[in-house]
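Here is how the chains run, residue by residue.
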Amino acid sequence: MSTMLRELRLSLNQTQRVRLQSALQRLQDMASLASAVTVVADTVPVNHEDSILKGHGTSDLNGEVVAALCGVVERVNKLVYVRSQRARYKPEVGDIIVGRVIEIAPKRWRLEINFSQDAVLMLSSMNLPDGIQRRRTAVDELNMRSIFEENDVICAEVRGFQHDGSLHLQARSQKYGKLERGMLLTVPAYLVKRQKQHFHHLENYGVDLILGCNGFIWVGEHVNSNGENDMMVDQEKREDVVNKSEVGQATYEVRERITPLEIRKHVCRVANSARLLSALGFSLTVEVIVDTVEASISSNTDIKDILAAEFYVQTAEREVQRRVSLTRRKG
Amino acid sequence: MATNPSTYALSQSSESKQRLQQRRRLFQETDWTRSDGRSFHQCRPAFLRTGATNAASGSAYAEFGVTKVIVSVFGPRESKKAMMYSGTGRLNCNVSYTTFSTPVRGQGSDHKEYSSMLHKALEGAIILETFPKTTVDVFALVLESGGGDLPVIITCASLALADAGIMMYDLVASVSVSCFGRNLVIDPTSEEEACQDGALMITCMPARNEVTQLTLTGEWTTAKINEAMELCLDACSKLAEVVRSCLKEAASG
């Protein structure tokens, strides 16, 4: 279990080990592709009479297709490629990502997003805090640190690639921007699938969950201006906020800073559930995470015990049941 | 000696020199037993595992006899700004020793020669065109040095690169052979390395039958070189199978 070795150190007792093994075995049996694992320099069997396209992760040796990566062979029509499980994130235009600012350069921020290069967020490709559309002046440039500082966590969207292969981001809506009062998790990027919705508000817990396509996951206190509000409403609100803060700036500030203990606990619980699922190697979707959180509450599991052996095994077994019921429904 | 304790240990260096001489003479003979009871053409048992460190994008641990090595691979990540633009990726290798790696406690330090040799051995196997503008960093740390360090580092590094998901033509495996008089001794320990007449190290890609690095030092005859190369290449392909099975095991869980 390489994933276990890497992520969690569990001390399973004998029965737990047996249960876990049987659960994982059943999951493997159910996987329809029965993933044939290839190692570097294994020949990939192809039918040479058909014309094939050699894709990513393959190289050529005496006319044979040879894997250049460790991973799973995937075939899409003529294309044969190797999908690596421990590779870095491969951005696509429109992906929603979470990243961390590592540097402020002229007119741009550089972000670490688990891509092979740093991503670039231009000052001109994000909305200014005052919400007015205008040219960015030298003053704006000097005030960049007041928007994002080094080590801030930011949510943004992939805008596109420059001709030299560097990656540009944009944050042109109120739902993007700085993330505060919460925690950042990093999981392997392949566990987060591209979906219609990456921003989630878990209403029962007052928690925001952002599943970045790059495997960075944000769990934080719910922020009101986040989400589907359109920009006009946001601006009005913002003005409200300004007015309020003018009236009683001190009290407002204090109220802003403190996150209630209850919410903090919820944040930790959601985060630990996501950690657990990534350690098990299950895809992270909001349904599965919420399901795990609910299971942990109903079984009275402590927040720290979510990562312990018993709940680990239970989660694996629950996943088996979920998939069994799914296949039944289909059949 | 025990009845007469010496205040100064002046004789020690000459004594150890004498011991070395003695051993050297012994190794010149046609038949002697190795300290770990192996036959001349038998390698040390290899233990390999992936995922030794958490923070790296790929890592591996190797234990060949007493030689223990951890290799971590970082990247591909953006090259430093000071570096010029390059259409192919860069490989950056660094080999260092811990302070407790040798019997005599020393200063753990970078090993410049091994670093450059590791670079030479790996760069032929990595498909550098797949990550332009970026750098892959390979850091090897020798936990315990027990002879044949460089071959172990190279083999472990190729395993770590594969674990990091970096495109390679093939895994590389490396084996060294020492020459003692008429004998060829594979996978020498540090004791044997200290007395050898000559050494040969081959790094190869077994599936492609290509050699990425060959190092030859000391006295050799052509016939001996041929024999040693045959021996090395055979051992390399077997070692690659061990690496391969380790990767299979890690991938299939």
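A UniProt comment under Sequence similarities (unreviewed entry) is attached to chain B, and it reads "Belongs to the RNase PH family."

As recorded in an unreviewed UniProt entry, chain A goes by S1 motif domain-containing protein and comes from Ensete ventricosum. Its UniProt record gives chain A the following Subcellular location (unreviewed entry) comment, quoted word for word: "Nucleus". What the UniProt record of chain A gives under Sequence similarities (unreviewed entry) is the line "Belongs to the RRP4 family."

A.B. asks: Would you mind going over the overall build of chain A with me for this structure?
C.D. replies: If you tally the helices and strands in chain A, you get nine helices and 16 strands. Each of the 331 residues in chain A was classed as buried or not, and the buried ones make up 46%. Put simply, chain A shows about 18000 Å² of open surface, and 50% of that area lies on carbon and sulfur atoms.

A.B. asks: What should I look at first to understand the interface of chain B and chain A in this one?
C.D. replies: Put simply, an interface is often sized by how much accessible area is lost when its parts join up. At the interface, 34 residues of chain B touch 29 residues of chain A. Contact with chain A buries surface across chain B, with B:E78, B:M167 and B:R208 losing the most and accounting together for 20% of the total. Put simply, chain B and chain A have two salt bridges between them. The partner of B:R244 in a salt bridge is A:D42, and the shortest N-O contact between them spans 2.7 Å. Put simply, chain B and chain A have seven residue pairs in polar contact (both at pLDDT 80 or more) between them. Contributions of two or more residues to the side of chain B that touches chain A are made by β3 (67-78), α3 (149-163) and α5 (222-252) of chain B. Ranked by residue count, the leading element in the side of chain B that touches chain A is α5(B), at six residues. When the residues that make up the side of chain B that touches chain A are grouped by side-chain class, the tally is 15 nonpolar, ten polar and nine charged.

A.B. asks: Any chance you could explain a nonpolar patch on the surface here in plain terms?
C.D. replies: Residues and elements named next belong to chain B. The grouping of V211, L214, L216 and L233 at the surface amounts to a nonpolar patch, some 310 Å² of accessible area in total. Counting residues per element, the nonpolar patch draws most heavily on strand β9 (residues 210-218), at three residues. Topologically, V211 is positioned in strand β9.

A.B. asks: I tried to follow the pairing of strand β5 (residues 134-144) of chain B on my own but got confused; where do I start?
C.D. replies: Looking down a regular strand, the side chains alternate between one sheet face and the other. Residue and element names in this part refer to chain B. Pairing between β3 and β5: nine bridges, direction antiparallel. Bridge assignment links E78 to a residue of β5, and that residue is T134. Relative to β5, strand β4 (residues 90-97) is paired through eight bridges, and the arrangement is parallel. Counted as the bridge partner of Y97 is V142 from β5. Once the chain exits β4 it traverses helix α2 (residues 112-123) before rejoining the sheet at β5, and the crossover so formed is left-handed.

A.B. asks: Honestly, the packing of α2(B) against α3(B) in this entry has me stumped. Any pointers?
C.D. replies: Two quantities define a packed helix pair, namely the angle between the helix axes and the distance between the axes. Residue and element names in this part refer to chain B. Between α2 and α3, whose axes approach to 10 Å, the crossing angle comes to 50°. Here α2 lies oblique to α3, going by the angle between them. In the crossing of α2 with α3, the sense of the turn from one axis to the other is right-handed. Facing Y114, M117, L118, A121 and L122 of α2, the residues of α3 in contact are D149, L150, I153, I154, A157, S158 and L161. Of the residues contributing to the contact of α2 with α3, the split by class is ten nonpolar, one polar and one charged.

A.B. asks: Just checking my understanding: could you explain the pattern of salt bridges for this structure?
C.D. replies: Oppositely charged side chains are able to pair whenever their charged atoms sit close together. Scanning the model with the defined rule gives 27 salt bridges over all chains in all. Residue A:R19 is joined to A:E310 by a salt bridge in which the shortest nitrogen-to-oxygen separation is 3.4 Å. Note that A:R19 is positioned in helix α2 (residues 14-30) and A:E310 in helix α9 (residues 309-330), a separation of 291 residues in sequence. Looking at A:E310, the relative accessible area reads 34%, which means it is partly exposed. The salt bridge partner of A:E92 is A:R194, with a shortest N-O separation of 3.6 Å. Remark: A:R194 occurs in the loop between β13 (182-186) and β14 (199-202) and A:E92 occurs in the loop between β6 (79-84) and β7 (96-105); sequence separation between them is 102 residues. With relative accessibility at 42%, the residue A:R194 sits in the partly exposed group. Connected through shared salt-bridge partners, A:D42, B:D170, B:E241, B:R244 and B:K248 make up one network.

A.B. asks: Explain the confidence of the model for chain A to me, please; I cannot follow it from the model alone.
C.D. replies: One rule of thumb: low pLDDT means the predicted coordinates there are not for detailed reading. Per-residue confidence for chain A gives a mean pLDDT of 82, with 85% of residues at or over 70. Segment residues 244-251 of chain A is flagged for pLDDT under 50; beyond a separation of four residues in sequence, or across chains, it makes two contacts in the model.

A.B. asks: Please clarify how the confidence of the model for chain B should be interpreted in this entry.
C.D. replies: On average, residues of chain B carry a pLDDT of 87, and 92% of them reach 70 or more. The ipTM value of the predicted complex is 0.76, and its pTM value is 0.75.

Cut-offs applied
Position numbers for residues start from 1 in each chain and track the written sequence from start to end. Whichever chain is written first becomes A and whichever ligand is written first becomes 1, with later ones labelled in order. The model is predicted, so local features are restricted to residues of pLDDT at least 70 and side-chain atom pairs to those at 80 or more, both for listing and for counting; the totals for chains, interfaces and linings are taken over all residues. Hydrogens and water molecules were not included; the side-chain quantities draw on all heavy atoms of the structure. UniProt positions are given in the numbering used here, feature names are shortened, and annotations may be inferred rather than shown by experiment. Secondary structure elements are taken from DSSP: a helix is a run of H or I of four residues or more, a strand is a run of E of two residues or more, and numbering for both begins at the N terminus. Accessibility here uses a 1.4 Å probe with only protein chains present; expressed as a share of the type maximum, an area under 20% marks a residue as buried, one over 50% as exposed, and anything in between as partly exposed. Throughout, the Shrake-Rupley method with a 1.4 Å probe supplies accessible areas, and for residues the shown protein chains are the sole cover considered. Residue contacts follow a heavy-atom distance rule, with two residues in contact if any of their heavy atoms lie within 4.5 Å. Buried area adds together the accessible area that both of two parts lose upon being put together, with accessible area traced by a 1.4 Å probe. Salt bridges are identified by distance alone: a Lys or Arg side-chain nitrogen within 4 Å of an Asp or Glu carboxyl oxygen. Counting of polar contacts relies on pairs of N or O atoms within 3.5 Å, with two restrictions inside protein: one atom must be capable of donating a hydrogen and the other of accepting it, and residues adjacent in sequence are counted only when both atoms are side-chain atoms. Gly counts as polar in this scheme, as do all residues outside two lists: the nonpolar Ala, Val, Leu, Ile, Met, Phe, Trp, Tyr, Cys and Pro, and the charged Asp, Glu, Lys and Arg. Surface patches are defined over residues having more than 30% relative accessible area and no salt bridge, joining like charges when they lie within 9 Å and nonpolar side chains (Val, Leu, Ile, Met, Phe, Trp, Tyr) when within 5 Å. If DSSP finds at least two bridges between two strands, the strands pair. Crossovers are marked right-handed if the path from the first strand over the helix to the second runs clockwise, as seen with the strands pointing away from the viewer. In this analysis an axis means a line fitted to C-alpha atoms, helices contributing only their contacting stretch, and an angle means the value between N-to-C directions, from 0 to 180 degrees. Any angle from 65 to 115 degrees is called roughly perpendicular, while one under 35 is roughly parallel, one over 145 is roughly antiparallel, and all others are oblique. Helix crossings fall into two classes, left-handed where the near helix is turned counterclockwise from the far one by less than a right angle and right-handed where it is turned clockwise. As a per-residue measure, pLDDT tells how confident the predictor is, with possible values from 0 to 100.

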